[in-house]
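Structural description and commentary
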Amino acid sequence: MTASSATGTPGLRRFLTERPPQPERCELCAVTVETDHRHLVDTEKRALVCACTPCALLMAQPGAGAGRFRTVPARYLTDPGHRLDESAWDALQIPVGVAFLFRNAALDRLVALYPSPAGATESELDPATWTDVLGGSRLAELLEPDVEALLLRRTEGRGDCHLVPIDICYELVGRMRLLWQGFDGGAEARAALDAFFAEVSRRARPVGEAVRP
């Protein structure tokens with residue numbers, strides 16, 4: 001069979017042409033979802049799942065899905081009156097300048113993770129240290145287990161803290177893993193990090209305006 005006749009065979013042609021990307025679907029009802037769709041936390045598998053708006057709204061109701069799925073809220077909050085100084089950051093013993101902390105309901109403890117070339121890396125977090133540094137903050141009081149995180153960044157001797165949806169933290173992890181180059185991440189990764197936090201700051205409202213998720 002010649003090359004020209006091979007490419008003309010329908011059974012072979014499908015392997016020689018690039019397939020269009022498959023649309024994302026709601027993992028509960030299988031309907032196609034938009035690019036900016038909502039996410040749920042599967043508390044049994046400890047994973048994020050895609051959801052259409054109706055399913056996300058349904059799972060936000062108390063008792064829906066027997067508690068297995070929890071809708072990730074869309075709120076972004078900041079506390080202008082609470083900053084992390086150098087001593088507070090050093091006490092947390094996080095080896096990089098960015099980290100996020102969330103409460104794992106199943107383990108009944110706080111988990112601290114940070115982006116790295118290998119993905120999300122866990123940092124050991126002493127409960128007493130957490131309480132001393134962040135436990136009494138208004139953002140910590142509002143933090144919803146499993147579905148929200150406290151996103152921390154250390155820049156130029158100061159630390160900022162935002163309460164954010166948990167899914168954007170894993171979005172950041174994926175972005176850093178994709179762009180990371182060399183020892184310090186490289187210029188492209190640093191630019192993406194700056195743009196990411198600029199968007200978080202733009203969306204965040206002062207904690208005094210907080211509403212339940």
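Located above this text is the structure these notes cover.
**Observations regarding the overall build of the protein**
Of the regular secondary structure elements, the protein holds eight helices and ten strands. For the protein, buried positions account for 42% of its 213 residues. Counting contacts in the protein only where the partners sit at least 6 residues apart, residues at least 24 apart contribute 60% of the total. Total accessible area computed for the protein in this model is approximately 12200 Å², and 54% of it derives from carbon and sulfur atoms.

**Examining the packing of aromatic side chains**
For the coordinates displayed, the defined rule picks out two aromatic pairs. Centre to centre, the rings of F196 and F197 are 5.6 Å apart; their planes meet at 80°, and the pair counts as edge-to-face. Across the pair, exposure class does not vary: F196 and F197 are buried alike.

**Section: the nonpolar core**
General note: in soluble globular proteins, nonpolar side chains tend to be found buried as a group. Membership of the largest hydrophobic core comes to 26 residues, with the highest contact counts inside it found for F100, L151 and L172. For this core, the secondary-structure elements that each account for two or more residues are strand 5 (98-104), strand 6 (109-116), strand 8 (148-155), helix 7 (166-179) and helix 8 (186-203). For this core, the element with the highest residue contribution is helix 7, accounting for seven residues. When near neighbours in sequence (up to four residues on either side) are disregarded, F100 contacts V111, A112, L113, A149, L150, L151, I166, C169, Y170 and V173. L92, L139, L143 and C161 belong to the second-largest nonpolar core, a separate cluster that totals 24 residues.

**Quick word on the sheet that holds strand 6**
A sheet is described by the order of its strands in space; here seven strands give the open sequence 7-6-5-8-9-4-10, paired in mixed fashion. Strand pairing shows two members of the sheet lacking a second neighbour, strand 7 (119-123) and strand 10 (205-206), which therefore form its edges. Sheet topology note: the strand 6/strand 7 ladder contains five bridges and is antiparallel. The partner of A112 across the bridge, within strand 7, is S123.

**A closer look at helix 5 (residues 127-135)**
For helix 5, the full list of buried residues reads T129, W130, V133 and L134. Buried residues of helix 5 fall within an arc of 100° about the axis and therefore sit on the same side. In helix 5, the exposed residues that point more than 90 degrees away from the buried face are P127 and D132. Tucked inside the fold, the buried residues of helix 5 contact helix 4 (86-92), strand 5, strand 6, helix 6 (138-142), strand 8 and strand 9 (158-165).

**A few points about the environment of P95**
Tracing the backbone through its elements, the reader meets P95 in the loop between helix 4 and strand 5. A relative accessible area of 58% means that P95 is categorised as exposed. Residues P95 and Y114 lie 19 residues apart in sequence; the distance between their C-alpha atoms is 8.8 Å.

**Here we look at helix 7**
With 14 residues, helix 7 extends 21 Å from end C-alpha to end C-alpha; this agrees with the ideal 20 Å at 1.5 Å per step. Those residues of helix 7 that sit buried are I166, D167, I168, C169, L172, V173, M176 and L179.

**Side note on the sheet that holds strand 2 (residues 47-51)**
Taken together, three strands build an open sheet; the order of strands is 2-1-3 and the sheet is antiparallel. The strands lining the two open edges of the sheet, one partner per strand, are strand 2 and strand 3 (69-71). Here the strands of the sheet are splayed against their neighbours by 35° on average, with no regard to which way each runs. One ladder, built from five bridges, connects strand 1 (residues 38-42) with strand 2; its direction is antiparallel. Its bridge partner lying in strand 2, H39 is registered against C50.

Parameters and conventions
Residues numbered from 1 in each chain as written. Predicted model: local features only at pLDDT ≥ 70, side-chain atom pairs only at ≥ 80, totals over all residues. Heavy atoms only, no water. Helix = DSSP H or I, 4+ residues; strand = E, 2+ residues; numbered from the N terminus. Buried < 20%, exposed > 50% of the residue type's maximum accessible area, 1.4 Å probe, protein only. Contact = heavy atoms within 4.5 Å. Areas by Shrake-Rupley, 256 points an atom, 1.4 Å probe, with all protein chains shown as cover. Phe/Tyr/Trp six-rings, centres within 6.5 Å; stacked < 30°, edge-to-face > 60°. Core = buried A, V, L, I, M, F, W, Y, C linked by side-chain atoms within 4.5 Å. Pairing = 2+ DSSP bridges. Arc of directions from axis to C-beta. Expected span 1.5 Å × (residues − 1). Axes fitted to C-alpha atoms, helices over the stretch in contact; angles between N-to-C directions.

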